[in-house]
Amino acid sequence: MKSFEEVEQDLDRGITLRRLQAVTILGGEPTLHPDLPRIVALVKSRGLHCQLLTNGLRFLDPDGPALLRAVKHAGI
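Residues numbered from 1 in each chain as written. Predicted model: local features only at pLDDT ≥ 70, side-chain atom pairs only at ≥ 80, totals over all residues. Heavy atoms only, no water.

(A) How the structure looks around the pairing of strand S2 (residues 49-52). Burial along S2 is one-sided: Cys 50 and Leu 52 are buried, and none of His 49 and Gln 51, which face the opposite way, are. Of the strand pairs in this sheet, strand S1 (residues 22-25) and S2 are connected by four bridges, and their pairing is parallel. Looking at S2, one finds that Thr 24 is bridged to Gln 51. You can see the chain leave S1, run along helix H2 (residues 36-45) and come back into S2, and the turn it takes is right-handed. (Buried < 20%, exposed > 50% of the residue type's maximum accessible area, 1.4 Å probe, protein only. Helix = DSSP H or I, 4+ residues; strand = E, 2+ residues; numbered from the N terminus. Pairing = 2+ DSSP bridges. Right-handed = clockwise from strand over helix to strand, strands pointing away.)

Set out below in structure tokens:
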């Protein structure tokens, strides 16, 4: 799993190399990343549309509704 800092570096590199309009967060299960709301907020802060591909099961956990609210508040 990449650290938040690695994700930020990859995002900035992608913005430099391509004309990005959107970023899709996927692979494995992205809701397991402890910094998911921060990553979504980072993508949004760069002026990009952010998409999340998930099976959604994590949102059924006891802390799932709080995670869903945090991700929604971050800009999904």
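The rest of the description comes next.
(B) Expanded view of the pattern of salt bridges. The final tally for this structure, using the stated rule, is six salt bridges. Note that Lys 2 and Asp 10 form a salt bridge whose closest N and O atoms lie 2.3 Å from each other. What makes Lys 2 partly exposed here is its relative accessible area of 46%. The closest approach of N and O atoms between Asp 12 and Arg 46, which form a salt bridge, is 2.9 Å. Placement of Asp 12 in helix H1 (residues 4-17) and of Arg 46 in the loop between H2 and S2 is noted, with a sequence separation of 34 residues between them. Here Asp 12 falls in the partly exposed class, since its relative accessible area comes to 28%. Within this structure, Lys 2, Asp 10 and Arg 13 form a network of salt bridges that share partners. (Salt bridge = Lys/Arg side-chain N within 4 Å of Asp/Glu carboxyl O.)

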